[in-house]
Amino acid sequence: CPINMAGNGASEAATKAVVREYLDLTLPECYIPELGESKSGKVRDIYFAGKNVVMVTNDRVSAFDYILPNLIPFKGQVLCGISEWAFGQTKDIVPNALIENVDSSVVVQKKMKNLNVEFIVRGYLWGSMAAAYEKGDRTFCGLPVADGLNRFQKFPSPIFTPTTKAEVGHDENMTMQEVEKLLGKKMADQAKDIAMKLYARGAELMKKRGLILIDTKYEFGTDENGKLHVIDEVNTPDSSRMCTVEEWETKYPKIEAEMKTGKYKDVSALLKAKPELKLKEFSKQYVRDALLEMGFDPAKDKSAPKLSNEQVVECAYRYIHIYEMITGKKFEFPPKMAPSKRIILNLQRAGMLVGGFAVIAAGSDSDMPHLETLKKELAKFNVPSQIRICSAHKQPGRLEQIIGMYNKSVEPIMLVGCAGGTDALSGTASYLAKFPVVSCPPDGMNNTCLTNPPGSSNAFIVKPANVGKFAAQFFASHCPKVAAALDANIEEKIRKLEQADEQLLKKARTC
């Protein structure tokens, strides 16, 4: 039976009160350099460097292709939770890429070749399609749509309206012929068929929970054998529109009756006269409506305005409420700690992360043997590292950009500057960085490392082996693997000293 309140019986007011306690505990972008290069989407940071794909879903929200300045508490957690549940409910239709959820906001998926098409299935005349229909459009993605329909009306059968998957800007409608040209007829037909089946399953499951799956989009990829998998997310509030059965069955008949009177040009005109008939959705539509009510014009404005705290709370509540309705599970509020810190701890527990990272930066690749030695010394203490080449003299802008990127790291970080001659690299880096910078020049005792201008705060260590130990001491309190290696290193040194002393004593006894 449908679950009507968030928190399995807790009142809406009580749930919102808890949400208010988390307004400052949200997840913006989540840059983890140890996971390798990332691709930042609108709501995810995606890492491809390992054998699998690691997706960190943040709490950003987009509307009209704009990222809002607000963060919505628990949004990432809800999207991951619903997708995990939906993957389990549809694996008999199509395999999915999910391996595991290692944190409520972090999903590990198999690497796939993305088809780069958004497979959209619509059960109702709604959203942007309804707006275009009211302006006179009757053909969508090559499909003719009958006259005389109302916004919010159910189609006789679901329709398929694919779009391009744009990296930036707006997605563009595609015809089935265009999808076939891009993917080949066999793959296009297979993906469309699976999308329609996924929608039918989603609509069936949600109806049992008292919900209507209005429309949704799916993304697919193929594995190394060319086998199709559903990827990304399935039937979430960000990829779908939903409302309750009660909401639609109560309001749509009234809308239909009003439209039959002939008083209104279209449903949009009716809703201006009688806004109480507007259907309440569980989707990003609430955010879109809130922005429009604030006077935002997506066609003219260059950025979205900031929502009020109460609008943020309402949005978070809707995400929580729909999670519980769809999955039948009680929403678990996370520990009251910074989500980025929680993510690092959970990735460490999963063995996917050490939890600290060293950048070995040099002004030229001519010093590569020295850089490789530093990398080996850091590895002795389990400190992951990466070599970067950037000249402070020849590429000052790029160096500033690189430091700015590492300043966003949610895990502890340290930079080792390896510039010979005049050490502008360490001086500039330490002036700009929010993390410690250590100079270890390839030419040994370089006095310029000690005479950087005021505001530059680099340390100076001559021997690469000592850099390794210094890094271990810096990271040990955050990284159990590093702490264990540091302890073992100290114990080994002491053991060797004791052995040497014992051998001398033994030799003395025999004299």
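Our subject is the structure that appears above.
Residues numbered from 1 in each chain as written. Predicted model: local features only at pLDDT ≥ 70, side-chain atom pairs only at ≥ 80, totals over all residues. Heavy atoms only, no water.

Student: What exactly am I supposed to notice about the overall build of the protein chain here?
Tutor: The number of helices and strands found in the protein chain is 15 helices and 21 strands. Per-residue burial for the protein chain yields a buried fraction of 51% across its 511 residues. A sequence separation of at least 24 residues applies to 67% of the contacts in the protein chain between residues at least 6 apart. Approximately 24500 Å² of the protein chain is accessible, and the part contributed by carbon and sulfur atoms is 52%. The averaged location of the 62 negative side-chain charges in the protein chain is 2 Å from the averaged location of its 68 positive side-chain charges. (Helix = DSSP H or I, 4+ residues; strand = E, 2+ residues; numbered from the N terminus. Buried < 20%, exposed > 50% of the residue type's maximum accessible area, 1.4 Å probe, protein only. Contact = heavy atoms within 4.5 Å. Areas by Shrake-Rupley, 256 points an atom, 1.4 Å probe, with all protein chains shown as cover. Lys, Arg positive; Asp, Glu negative; His and termini not counted. Charge placed at Lys NZ, Arg CZ, Asp CG, Glu CD.)

Student: Would you mind showing me how to read empty space enclosed by the protein here?
Tutor: Rolled over the atoms, a probe with the dimensions of a water molecule shows which regions are left empty. Counted under the stated rule, the structure contains four cavities of 30 Å³ or more. A volume near 100 Å³ is recorded for the largest cavity. Taken together, 13 residues make up the lining of the largest cavity; nearest its centre are Leu 25, Phe 74, Pro 334, Pro 339 and Arg 342. Of the residues assigned to the lining of the largest cavity, the class counts are nine nonpolar, two polar and two charged. If you add up the space inside the second largest cavity, you get close to 70 Å³. (1 Å grid on protein atoms, 1.4 Å probe; cavity = no way out; pocket = protein on both sides within 12 Å on 5 of 7 lines; lining within 4 Å. Points joined across faces, edges and corners; volume = space filled by probe spheres on them. Nonpolar A, V, L, I, M, F, W, Y, C, P; charged D, E, K, R; others polar.)

Student: Sorry, what's going on with unusual backbone geometry here?
Tutor: Peptide bonds are mostly trans, and most non-glycine residues show a negative phi. Positive phi, close to 70 degrees, is recorded for Asp 65, a residue that is not glycine. In this model, Asn 235 sits at a positive phi of 55 degrees, which is unusual for a non-glycine residue. Residue placement: Asn 235 occurs in the loop between β15 (228-231) and β16 (240-244). Overall, the relative accessible area of 5% leaves Asn 235 in the buried class.

Student: Hey, could you run me through the side chain of Asp 423 in this one?
Tutor: Assignment of secondary structure puts Asp 423 in the loop between β19 (413-418) and α13 (424-432). This buried residue, Asp 423, is left without a salt bridge; Lys 394 holds the nearest opposite charge, at 14 Å. Within the structure, Asp 423 has its side chain in polar contact with the side chain of Ser 426 (distance 3.0 Å). Only 3.1 Å separates the side chain of Asp 423 from the side chain of Ser 439, close enough to count as a polar contact. (Salt bridge = Lys/Arg side-chain N within 4 Å of Asp/Glu carboxyl O. Polar contact = N/O pair within 3.5 Å; in protein donor to acceptor, adjacent residues only side chain to side chain.)

Student: So what exactly am I meant to see when it comes to the packing of aromatic side chains here?
Tutor: One pass over the full model with this rule turns up 16 aromatic pairs. Arranged with centres 4.9 Å apart and planes meeting at 65 degrees, the rings of Tyr 22 and Phe 74 form a pair that is edge-to-face. One end of the pair, Tyr 22, is in the loop between α1 (12-20) and β1 (38-40); the other, Phe 74, is in the loop between β5 (66-71) and α2 (75-90), and 52 residues separate them in sequence. Each ring, one from Tyr 31 and one from Tyr 406, has its centre 6.3 Å from the other, and the planes form 35 degrees; the classification is tilted. Within this pair, whereas Tyr 31 is found in the loop between α1 and β1, its partner Tyr 406 is found in helix α12 (residues 396-406), the two being separated by 375 residues in sequence. Tyr 31 sits in the buried class, given a relative accessible area of 12%. For Tyr 406, a relative accessible area of 1% translates into the label buried. Put simply, the rings of Tyr 22, Phe 74, Tyr 323, Phe 331 and Phe 333 pair up and form one aromatic cluster. Across from the ring centre of Tyr 317, 5.3 Å away, lies the NZ or CZ of Lys 16, which sits over that ring. Here the basic side chain of Arg 138 rests over the ring of Tyr 133, its NZ or CZ set 3.7 Å away from the ring centre. (Phe/Tyr/Trp six-rings, centres within 6.5 Å; stacked < 30°, edge-to-face > 60°. Lys NZ or Arg CZ within 6 Å of the ring centre and 35° of its normal.)

Student: It is not clear to me how the pattern of salt bridges should be interpreted in this structure. Could you clarify?
Tutor: Two side chains of opposite charge can pair, provided their charged atoms sit close to one another. According to the stated counting rule, one finds 30 salt bridges in the structure shown. A salt bridge links Lys 217 to Glu 219; its shortest N-O distance comes to 3.6 Å. Look at Lys 217 and you get buried, because its relative accessible area is 18%. The class of Glu 219 is buried, set by a relative accessible area of 4%. Residues joined by salt bridges that share partners form a network here, namely Glu 12, Lys 16, Glu 314 and Arg 318.

Remember, this is a structural readout, not a statement about activity or role.
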